[in-house]
Amino acid sequence: MQSMSRVELYAAIRRDSRVDGLSSRDLAGKYRVGRRTVALALSSAWPGPRKKLPPRKSRLDRHKEAIDRILRADLDAPRKQRHTTKRIFDRLVA
């Protein structure tokens, strides 16, 4: 079965329930979704908004101060002597 949007899925579930009289369990099996999704589709024609995921912490958070110090020192250095990303990484590893 080809993939469909949530709105199309909800419409198909509602249509099959109304026209064919399929049960929630049959609809869940046919469309490979949970019975809770079938119940939501039958109760409302429009899917609810997606939940926002909490922001994840960056792996660089604990190193930001050191990186900022390196980059501030590089502001006065000649262009050829500034740190590259690899050199900053190597300094953090050391």
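These numbers come from a predicted model, not from an experiment.

### Points about the overall build of the chain
Part 1 of the reasoning: From N to C terminus, the chain includes five helices and zero strands.
Part 2 of the reasoning: Secondary structure of the chain in N-to-C order comes out as α-α-α-α-α.
Part 3 of the reasoning: Its C-alpha radius of gyration of 27 Å places the chain more than 25% over the 12 Å reference for a compact globule of 94 residues.
Part 4 of the reasoning: Each principal axis of the C-alpha atoms in the chain carries an extent, and together these give about 75 × 25 × 25 Å.
Part 5 of the reasoning: The buried share among the 94 residues of the chain stands at 18%.
Part 6 of the reasoning: Within the chain, contacts between residues at least 6 apart in sequence are counted, and of these 46% link residues at least 24 apart.
Part 7 of the reasoning: Roughly 8,500 Å² of accessible area belongs to the chain as shown, and the carbon and sulfur atoms make up 52% of that amount.
Part 8 of the reasoning: Here the chain contributes 25 positive and 10 negative side-chain charges, whose respective centroids are spaced 2 Å apart.

### Description of the nonpolar core
Part 1 of the reasoning: Within the largest apolar cluster, nine residues are counted, these being Leu9, Tyr10, Ala12, Ile13, Leu27, Ala28, Tyr31, Val38 and Ala41.
Part 2 of the reasoning: If you list the elements that add at least two residues to this core, you get α1 (6-19), α2 (24-31) and α3 (35-43).
Part 3 of the reasoning: Once you skip the residues sitting within four places of it in the chain, Leu27 turns out to touch Ile13, Asp16, Ser17, Leu22 and Val38.

### Let's talk about α1
Part 1 of the reasoning: Over its 14 residues, α1 runs 20 Å from end to end, which matches the ideal 20 Å to within 8%, given 1.5 Å per residue.
Part 2 of the reasoning: Looking only at α1, the buried set comprises Leu9, Tyr10, Ala12, Ile13 and Asp16. Viewed end-on, α1 has its buried residues packed into an arc of 165 degrees, placing them on one side of the element. Along α1, exposed side chains directed more than 90 degrees from the buried face belong to Arg18 and Val19.
Part 3 of the reasoning: Each element contacted by the buried residues of α1 is listed here: α2 and α3.
Part 4 of the reasoning: Gly21 sits one or two positions beyond α1 and adopts a positive phi of about 70 degrees.

### A short note on the environment of Thr37
Part 1 of the reasoning: You can see Thr37 is positioned in helix α3.
Part 2 of the reasoning: Spatially, the C-alpha atom of Thr37 lies 53 Å from that of His83, the residues being 46 residues apart in sequence.
Part 3 of the reasoning: Contacts of Thr37, omitting those with residues within four sequence positions, involve Arg6 and Tyr10.

Definitions and cut-offs
Residues numbered from 1 in each chain as written. Predicted model: local features only at pLDDT ≥ 70, side-chain atom pairs only at ≥ 80, totals over all residues. Heavy atoms only, no water. Helix = DSSP H or I, 4+ residues; strand = E, 2+ residues; numbered from the N terminus. Rg over C-alpha atoms; globule rule 2.2 N^0.38 Å. Buried < 20%, exposed > 50% of the residue type's maximum accessible area, 1.4 Å probe, protein only. Contact = heavy atoms within 4.5 Å. Areas by Shrake-Rupley, 256 points an atom, 1.4 Å probe, with all protein chains shown as cover. Lys, Arg positive; Asp, Glu negative; His and termini not counted. Charge placed at Lys NZ, Arg CZ, Asp CG, Glu CD. Core = buried A, V, L, I, M, F, W, Y, C linked by side-chain atoms within 4.5 Å. Expected span 1.5 Å × (residues − 1). Arc of directions from axis to C-beta.

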